[in-house]
Amino acid sequence: MHARDPELSAADPEIFALIEQEDARQRDSLRLIASENYVSKAVLAATGSSLTNKYAEGYPGKRYYEGMDFVDPIESLAVARARELFGADHANVQPYSGSPANLAALLALCQTGDTIMGLALPAGGHLTHGWKVSATGIYYKAVQYGVRRDDHRIDMDEVRSLALANRPKLIWVGHSAYPRQLDFAGFAAIAREVGAYLAADIAHIAGLVAGGAHPSPVPHADVITTTTHKTLRGPRGGLILSKAEHAAAIDKAVFPGLQGGPHCHTTAAKAVAFREALQPSFRDYAHQIVANARGLAEALLARGHALVSGGTDNHLLLLDLTPTGQGGRHVARVLNRCGIELNANAIPFDPRKPFDPSGLRIGLAAITSRGVQTHHMPAVADLIADAIALAIENADDARCEAHRGRVREFLRAFPAPGL
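Residues numbered from 1 in each chain as written. Predicted model: local features only at pLDDT ≥ 70, side-chain atom pairs only at ≥ 80, totals over all residues. Heavy atoms only, no water.

1. Here's the deal with the packing of helix H15 (residues 377-392) against helix H16 (residues 397-411)
The geometry of a pair of packed helices is captured by two quantities: the angle between their axes and the separation between those axes. Selection rule: To get an axis, a line is fitted to the C-alpha atoms, and for a helix only the part in contact is used. The angle between two axes follows their N-to-C directions and goes from 0 to 180 degrees. Helix and strand definitions here come from DSSP, where helices need a minimum of 4 consecutive H or I residues and strands a minimum of 2 consecutive E residues; each element is numbered from the N-terminal end. With respect to orientation, any angle under 35 degrees is reported as roughly parallel, any angle over 145 as roughly antiparallel, any angle of 65 to 115 as roughly perpendicular, and every other angle as oblique. When checking whether two residues touch, look at their non-hydrogen atoms; a contact exists if any pair is within 4.5 Å. Residue polarity follows a fixed list, in which Ala, Val, Leu, Ile, Met, Phe, Trp, Tyr, Cys and Pro are nonpolar, Asp, Glu, Lys and Arg are charged, and the others, Gly among them, are polar.
Here H15 crosses H16 at 170°, and the two axes come no closer than 11 Å. The orientation of H15 with respect to H16, classified from their angle, is roughly antiparallel. Note on element contacts: H16 touches H15 through Arg399, His403, Arg406, Val407 and Phe410, opposite Ala379, Val380, Asp382, Leu383, Asp386, Ala387 and Leu390. Considered class by class, the residues forming the contact of H15 with H16 number seven nonpolar, one polar and four charged.

As structure tokens, then:
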């Protein structure tokens, strides 16, 4: 079943037409949002299956509803594949997304009012690591660590000193916009020293971890949370991995602590994505993402653009627009008109306000799924740099549309998976 099937066209032509347009946009745009990807037709098929009709509160073998003959084996397969993929003791595949997964980790390991630590949002962290507007910053006493001003790397000395001073119950290691590898072993040593739990949020790098292109937190962290999309190339959803000793607490926190019935169609799609990620070709894909990101970083630097931390070790980079005098929001909108999809993003020590920050976040997972290789990165850099120049010049619609044509021509050789 696909959104283009005639049943949808007949039942709701307006929605059908909009989905058709979205399909075209995803085919014809240079998609560089770091949290997006393309899923396979198999993942799409599972997501749109009859499992969307089924309710399944509880866990396999211990449900509150009948009719679990096939739902239980599906969830058990998803759990087994997730454990195999990451080498984890325990896996819970029910979280609806990454944010509930993070809340579940806190509910399982902490009490309201406990002190937690996480990377500050302006330094590349995530809202759910204790930022003040998030429930995690409202119900817990949050302490933020940052990055050094000179090289934009996480300051492990600051992490240790803050941990010793504040004695947190839990320390988060993870990010939404940090272009360098995470030192899981270093964080684990600090957590042990202060008697804290270590929670690794690998939502952005899960595919890199699964494919061996980034070190794994599994040997070091008590709990690991992630989304199943982004670099993992699965459906929109969440996943929690943990040491065996925390399995019962994690399961209880997810259900009944935070959620009711899991989304069975998404569980099936997760299982499909985990199976895909267990194939040797996925390792090649994960390493290609990193190679592409580094190649694009080099090409943008060669064109005179500034990058936070000077480059990248993972799937994303942060372009600093400060030398151009432009705000990220304006530039991102012009790039969208030019067929290049990315997002404005704060940079460390950003002098601009969060809604119109100084940076652009660029992710390589989606275009790598299309087969774009490292030797294509100079051409991608040209498309980005020329579009930024159009933003600086406040180019009219005609020039932006011409640039969109260049993007379409470039992407013609790289079919969009699943569409």
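Having seen the model, we can carry on.
2. Things to note about the sheet that holds strand S11 (residues 306-307)
Sheet strands pair by backbone hydrogen bonding; their relative direction is either parallel or antiparallel. Keep this limit in mind: Here, a strand pair is defined by DSSP locating no fewer than two bridges between the strands.
Taken together, four strands build an open sheet; the order of strands is S11-S12-S15-S14 and the sheet is antiparallel. Looking at the sheet topology across the chains shown, the edges are occupied by S11 and strand S14 (343-345). Sheet topology places S11 next to strand S12 (residues 316-320); two bridges connect them, and they run antiparallel. Bridge pairing links Ala306 to Asp320 in S12. Across the face of the sheet, helix H13 (residues 328-337) comes into contact with S14 and strand S15 (359-363) while running at roughly 45° to S15.

3. Here's the deal with the pairing of strand S8 (residues 197-201)
Our working definition: Using a 1.4 Å probe on the protein chains alone, a residue whose accessible area is under 20% of its type maximum counts as buried, one over 50% counts as exposed, and one in between counts as partly exposed. For the handedness criterion, the strands are oriented away from the viewer, and a crossover whose path from the first strand over the helix to the second runs clockwise is classed as right-handed.
Counting buried residues in S8 gives four out of five residues, a clear majority hidden from the surface. Taken together, the five bridges between strand S7 (residues 170-174) and S8 define a ladder with parallel strand orientation. The residue bridging Trp172 from the neighbouring strand is Ala199, located in S8. This β-α-β element, S7 to helix H8 (residues 184-194) to S8, shows right-handed connectivity. Pairing analysis gives three bridges linking S8 to strand S9 (residues 223-227), with the strands arranged parallel. Paired with Ala200 across the bridge in S9 is Ile224.

4. What about the domain arrangement of the chain?
Using the following cut-off: Where each domain starts and ends follows an automatic or database-derived domain assignment. For any pair of parts, buried area is found by adding up, for both, the accessible area (1.4 Å probe) each one loses once the two are put together. Just to be clear on terms, a salt bridge is a Lys or Arg side-chain nitrogen sitting within 4 Å of an Asp or Glu carboxyl oxygen. Each polar contact in these results corresponds to two N or O atoms within 3.5 Å; when the atoms are within protein, one needs to be able to donate a hydrogen and the other to accept it, and residues that are neighboring in sequence are counted only if both atoms are side-chain atoms.
The domains assigned to the chain are domain 1 (44-278) and domain 2 (285-412). Placing a centre on the C-alpha atoms of domain 1 and another on those of domain 2 gives a separation of 28 Å. Each side of the interface is counted separately: domain 1 has 23 residues, and domain 2 has 23 residues. Taking both partners together, domain 1 and domain 2 bury about 2000 Å²; carbon and sulfur atoms supply 59% of that area. The tally of links between domain 1 and domain 2 comes to one salt bridge. A salt bridge links Asp313 to Arg180; its shortest N-O distance comes to 3.0 Å. At the boundary of domain 1 with domain 2, the tally comes to 13 residue pairs in polar contact (both at pLDDT 80 or more). Its residues assigned to classes, the side of domain 1 that touches domain 2 shows eight nonpolar, nine polar and six charged.

5. A word on the UniProt feature "modified residue: N6-(pyridoxal phosphate)lysine" (unreviewed entry) in the chain
Here is the rule: UniProt positions are given in the numbering used here, feature names are shortened, and annotations may be inferred rather than shown by experiment.
Within the UniProt annotation, "modified residue: N6-(pyridoxal phosphate)lysine" (unreviewed entry) is assigned to Lys230. Mapped onto the secondary structure, Lys230 falls in the loop between S9 and strand S10 (238-242). Exposure remark for Lys230: the relative accessible area of 9% places this residue in the buried category. Residues contacting Lys230, with those up to four places away along its chain left out, are Ala34, Ser35, Asn37, Ala203 and His204.

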